[in-house]
Amino acid sequence: MNSRAGAATRESAAPAPAEASTEPPLMLRARGVRKSFGPLEVLRGIDMDVAAGEVVVLLGPSGSGKSTFLRCINHLETPDGGSIHVAGRLIGFRAQGGRVHHLRPREVTRQRRDIGMVFQHFNLFPHQTVLQNVIEAPVGVLRRPKAEARKRAHGLLARVGLSDKADAYPRQLSGGQQQRVAIARALAMQPKLMLFDEPTSALDPELVGEVLATMRDLAQDGLTMVVVTHEISFAKEAADRVVFMDEGRVLESGPPSVLDRPSNPRTRAFLRRFL
Amino acid sequence: MATAQPPGARDEPEGGEGGGVASAVGAGRPEGAEGAQAAGRTGEEGALAGTPASGDGDTEPGAGTGASTGDGSGSGSGGAEIDVAGAAAVRHPLRWLAVAVLAVLAAQLFHFLFTNPNFEWGTVGSYFTARIIGEGIATTIELTVVAMLIGILLGVLIAVGRMSPNPVLRAVCGAYVWFFRGVPVLVQLVFWYNMSALLPRVSVGVPFGPEFASGQTNHLITPLLAAILGLGLNEAAYMAEIVRGGLLGVDPGQTEASDALGMSRARSLRRIVLPQAMRFIVPPTGSQVINMLKATSLVSVIALSDLLYTVQSIYNRTFETVPLLIVACLWYLVMTSVLYVGQSFIERYYARGATRNAPQSFWDFALFRRRRAPAGPDARAQDTRDPEEPA
């Protein structure tokens, strides 16, 4: 925890908020986020603050809206109400002259560059090699020179322990390796905020460890992370804060120690299943 | 048919099966050579038991007997290790019968081909390489290529349009597909050919405003253009469906991943979705090209001198109908065969990353080069359970 706090301050000095932001450097600021799919109300007003360098783990039963909230953060889902700011910028909308406008797709696309995402099913590009996967966005979106992107990609692959797999195709890798490539691919965009959507849920139990280890490394390096997971052990070891969600609301939030003494009965019921 | 079978053919496998079951049970409790012999004997018993039973058809009590006997003696039997290498193959008398029938039919066909004077093979030979036939082939190929290009390009646009968030665009593209798939190509060809009856003059200009240029429809829409329009626009409707099917076949997670990486919709389509959709698009497109090559023969009705029209115009003069039609058939077969080969080339290229084996590069493949051996000791290790942990 202490080392994490140190990392947090180091990181928080770096990104200057793009727009006027009153609070201390908040990487994520969500207020009253609502989302429905047809008659189904998935998010019923989510408030959440994530400081720069903080690692927040979202826990909760399936269907509680964790993944939907995560997908609202990079606007893969458009929230129906409330607001989400990442690094001081309103995501998906523009407030102008007392009115709020939807952003054009191209502008949303631009905002997503700063927000990395890791998916449950990896979603690597199967027709590209590992290296091509990692450099695709830096070269194609950020217009980095290819040589430079390649060099950075090799560095990132080394960081996730896959230096020797640069020329392999995703299908030749194990699930755990694929997920680590996916993490490297997201990191290649140098995101300010990383979202992990159940990154180990699709993995065989013996492969979960390698992905969690990679994520713990990133947490220690001061990356701001919001992680949806069912891995309580990861929450205990790597999280600065744990947030419990159920039925589209935040039930409880606090340091990982709440995992041992949850106050909300529903949180307790949820956690009991993991003990 | 069953009566025609040699009885031995059925007996053998059954006997073998009985023995196999018996010894399989025995192998589980290895106790010694005696047991092995017992198992072997049981197997023989199974075979014997099977012999009389096999006469009455499908029920195979032989195998059952062998199994139960084996089970009974199994407790005392030992480890007879069966080696299946060199096992007698199952016989297929029906296959041989079928081969015999086909051989007779084939012989008849060849006899017909070579003895029937109406084929006039000499005439076929003399026209096969004739210059005028070559010109017809050139027209056929030209039509195929141009109509397919129009079909593919327009088809991709329509497919993307049908998946657009804009409902009007979706509806218009859907209507296009509905119309052009619904009207026979032959009718479309004739319609384009007779366009001047509907629209005597064509002009380019601002809608309902001034004209920049105009001309007689009959001068503009030559038979060639009518053929290209008829075939190409029709093809676009089919290609649109093929491309759409391919795009839908790509995991939506791919679009999400490219969205999350900040790619624009166009970029993600071009770099991520379309290359993967190609695996679903190429095979049916290959058949479309082959279909198109053959469909070009329809343009003979609008007096465009493709391969079919050329041979028709010759045999209308010389009455050598059959040999000239044979010439056309042979050339169509040659062209479609070339297309089959080309299709398999393209398919293998787009299959890269689809299998766990490292794919060949396009040029290695195109130049018939063997795949290079993996560089490192296991640069492309197949085993996925890699215990390595990132530090």
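Residues numbered from 1 in each chain as written. Chains lettered and ligands numbered in written order. Predicted model: local features only at pLDDT ≥ 70, side-chain atom pairs only at ≥ 80, totals over all residues. Heavy atoms only, no water.

Bringing the overall build of chain A into the picture now. In terms of helices and strands, chain A carries nine helices and twelve strands. By residue count, 57% of the 275 residues in chain A fall in the buried class. Look at the contacts in chain A between residues 6 or more apart in sequence, and 65% of them connect residues 24 or more apart. (Helix = DSSP H or I, 4+ residues; strand = E, 2+ residues; numbered from the N terminus. Buried < 20%, exposed > 50% of the residue type's maximum accessible area, 1.4 Å probe, protein only. Contact = heavy atoms within 4.5 Å.)

A separate point is unusual backbone geometry. Residues and elements named next belong to chain A. Residues other than glycine seldom take positive phi values, yet F122 does so here, at roughly 65°. By the secondary structure assignment, F122 is in the loop between β8 (115-118) and α4 (130-140). A residue is classified by how much of its surface remains accessible, and F122, at 10% relative accessible area, is buried. Look at E198: it is not a glycine, yet its phi comes out positive at around 45°. Relative to the helices and strands, E198 is located in the loop between β9 (193-197) and α7 (205-220). Take E198: its relative accessible area is 12%, and that puts it in the buried class.

With that settled, the discussion passes to a nonpolar patch on the surface. All names here are of chain B. Among the surface-exposed residues, L109, F110, F112, F114, W121, L330 and L333 lie close enough to one another that they form a single nonpolar patch of about 720 Å² accessible area. Broken down by secondary-structure element, the contributors of at least two residues to the nonpolar patch are α4 (93-115) and α15 (321-350). Considering every element that reaches the nonpolar patch, the biggest residue donor is α4, with four residues. Examined against the element boundaries, F114 turns out to sit in helix α4. With relative accessibility at 59%, the residue F114 sits in the exposed group. (Patch = residues over 30% accessible without salt bridge, like charges linked within 9 Å, V, L, I, M, F, W, Y side chains within 5 Å. Areas by Shrake-Rupley, 256 points an atom, 1.4 Å probe, with all protein chains shown as cover. Salt bridge = Lys/Arg side-chain N within 4 Å of Asp/Glu carboxyl O.)

Attention shifts here to the side chain of H127 of chain A. Mapped onto the secondary structure, H127 of chain A falls in the loop between β8 and α4. On the accessibility criterion, H127 of chain A (6% relative accessible area) is buried.

Attention now goes to the sheet that holds strand β4 (residues 81-86) of chain A. The strands making up a sheet are joined through hydrogen bonds of the backbone, oriented either antiparallel or parallel. All names here are of chain A. Pairing is antiparallel in the open sheet, where four strands are placed in the order β2-β1-β4-β5. One side of each edge strand has no neighbouring strand; the edge strands of this open sheet are β2 (40-51) and β5 (89-90). Sheet contacts for helix α2 (residues 66-73): β1 (26-37), β2 and β4; angle to β2, the most-contacted strand, approximately 60°. (Pairing = 2+ DSSP bridges. Axes fitted to C-alpha atoms, helices over the stretch in contact; angles between N-to-C directions.)

Residue and element names in this part refer to chain A. Taking 1.5 Å of rise per residue, 14 residues should cover 20 Å, and helix α5 (residues 146-159) covers 20 Å from first to last C-alpha, within 8% of that figure. Residues of α5 that are buried include every one of A149, A153, L156 and L157, and no others. Viewed end-on, α5 has its buried residues packed into an arc of 100°, placing them on one side of the element. Among the exposed residues of α5, those oriented more than 90 degrees off its buried face are A147 and K151. On its buried face, α5 is in contact with α4 and α6 (175-187). Two residues or fewer after α5 comes G161, characterised by a positive phi angle close to 80°. (Expected span 1.5 Å × (residues − 1). Arc of directions from axis to C-beta.)

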